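A look at the structure
Here is what each chain is made of, one letter per residue.
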Amino acid sequence: MKRETKLISVRDLFRQSWKLYRERIGLLTKIILLPVAFIVVGGLWGLLTSNGWFGGLLIFIGTIISVLSYLALVFALQKNTSFGESYRLVLGRIWSYGWLTVLSGFVTLGGIFMLVVPGIIFSIWFMFAIYVFAIEGDKGMNALLKSREYVRGYWWPVFGRQIVFVLAVLAVALVTSFIGSVLTGGDKAGSDIISDLLTLVVAPLIAAYLYVLYGSLKSLKPEVAKKPPQGPQGFFYFSAVFG
């Protein structure tokens, strides 16, 4: 029997992502509401009071939680875990997740410093590292290498699907920003708060979109999950140091 070699179509990707999002909208919204609440309250605090440092502290805490919440979203998408269980799973892997986030960021940043193009290539290669980490259990460089292996041979199709999604999100963000600007009389802080509220919808959709895309790649390359990841680890560590 001939193995499927074609990546999921853009239409089916949007359709399946939206279906998954709607099925778990309550859970996903609760997960992302936690960091958004901190950020919005912090913004309002800075807008309505003269005690700016406390608002800044709330925004900082919200930003940290938002990084953790993405992994919680992945667990919720994979296992349909509850709000509390999703975050408990994150806390159980917080140090490994932190290392993966830092490593991925510095490797990609190093690629950007190397004439930008390598950074773009790296960002597409490694965009599924969190899914590999959460679902397959690989950590650090192994998660990056396995993500790269899934994308190899499909870089342009993955890049194209990512661009389509980004353009769709930007279109929605522009419309929301305009409405927010009108409602707040052009006040930047007020517009920022409305943009933060948009995150309640966009962040879970991003997680669902990449989850479905990762699943398509994994089905095309089932052998990748069964073997130790291989690749130029030394070069990527050099890129991380360079970044």
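Up top is the structure.
Residues numbered from 1 in each chain as written. Predicted model: local features only at pLDDT ≥ 70, side-chain atom pairs only at ≥ 80, totals over all residues. Heavy atoms only, no water.

Our focus in this paragraph is the layout of surface pockets. When its volume is computed, the largest pocket comes out at roughly 470 Å³. Taken together, 26 residues make up the lining of the largest pocket; nearest its centre are V67, Y70, Y97, T101 and I130. When contributions to the lining of the largest pocket are tallied by element, the ones reaching two or more residues are α2 (25–48), α3 (52–79), α5 (94–113), α6 (117–125), α7 (129–136) and α10 (188–220). Residues belonging to the lining of the largest pocket are distributed by class as follows: 17 nonpolar, eight polar and one charged. The volume enclosed by the second largest pocket comes to roughly 170 Å³. Elements with a contribution of two residues or more to the lining of the second largest pocket: α1 (10–23), α9 (155–183) and α10. Per-element tally for the lining of the second largest pocket: the top contributor is α10, with five residues. For the lining of the second largest pocket, the per-class residue count stands at eleven nonpolar, one polar and no charged. (1 Å grid on protein atoms, 1.4 Å probe; cavity = no way out; pocket = protein on both sides within 12 Å on 5 of 7 lines; lining within 4 Å. Points joined across faces, edges and corners; volume = space filled by probe spheres on them. Helix = DSSP H or I, 4+ residues; strand = E, 2+ residues; numbered from the N terminus. Nonpolar A, V, L, I, M, F, W, Y, C, P; charged D, E, K, R; others polar.)

Glancing now at the packing of α3 against helix α4 (residues 83–92). Helix-helix packing is characterised by the crossing angle of the two axes and by the distance between the axes. Orientation of α3 relative to α4, taken along the N-to-C sense of each, is 120°, at an axis distance of 8 Å. Our pair here, α3 against α4, has a crossing hand that is right-handed. For the pair formed by α3 and α4, the contact residues are I65, L68, S69, L71, A72, F75, A76 and K79 on the first element and S86, Y87, L89 and V90 on the second. Among the residues making up the contact of α3 with α4, the classes are represented as nine nonpolar, two polar and one charged. (Axes fitted to C-alpha atoms, helices over the stretch in contact; angles between N-to-C directions. Left-handed = near helix turned anticlockwise from the far one by under 90°. Contact = heavy atoms within 4.5 Å.)

Core analysis: the largest hydrophobic core is formed by 63 residues, its most contacted members being F128 and V158. Top contributing element to this core by residue count: α10, with twelve residues. Not counting chain neighbours up to four residues away, the residues in contact with F128 comprise S147, V151, V158, L210, L213, Y214 and L217. (Core = buried A, V, L, I, M, F, W, Y, C linked by side-chain atoms within 4.5 Å. Buried < 20%, exposed > 50% of the residue type's maximum accessible area, 1.4 Å probe, protein only.)

Side chains of W99, V102, F106, L109, I112, F113, V116, I120 and Y237 sit close together on the surface and give an oily, nonpolar patch of about 790 Å² of accessible area. Residue contributions to the nonpolar patch peak at six residues, all from α5. Tracing the chain through its elements places F106 in helix α5. Classification of F106 by relative accessible area gives partly exposed; the value is 38%. (Patch = residues over 30% accessible without salt bridge, like charges linked within 9 Å, V, L, I, M, F, W, Y side chains within 5 Å. Areas by Shrake-Rupley, 256 points an atom, 1.4 Å probe, with all protein chains shown as cover. Salt bridge = Lys/Arg side-chain N within 4 Å of Asp/Glu carboxyl O.)

Attention now goes to the environment of V102. By the secondary structure assignment, V102 is in helix α5. Here V102 falls in the partly exposed class, since its relative accessible area comes to 41%. When the C-alpha atoms of V102 and A240 are compared, they prove to be 9.1 Å apart, with 138 residues separating the residues in sequence.

Let's shift gears to α3. Between its first and last C-alpha, α3 extends 40 Å over 28 residues, near the 40 Å set by a 1.5 Å rise per residue. The largest bend in α3 amounts to roughly 25° and is located at V67. One or two residues past the end of α3 sits N80, with phi positive at roughly 55°. (Expected span 1.5 Å × (residues − 1). Bend = angle between axes of the 7 residues up to and from the residue.)

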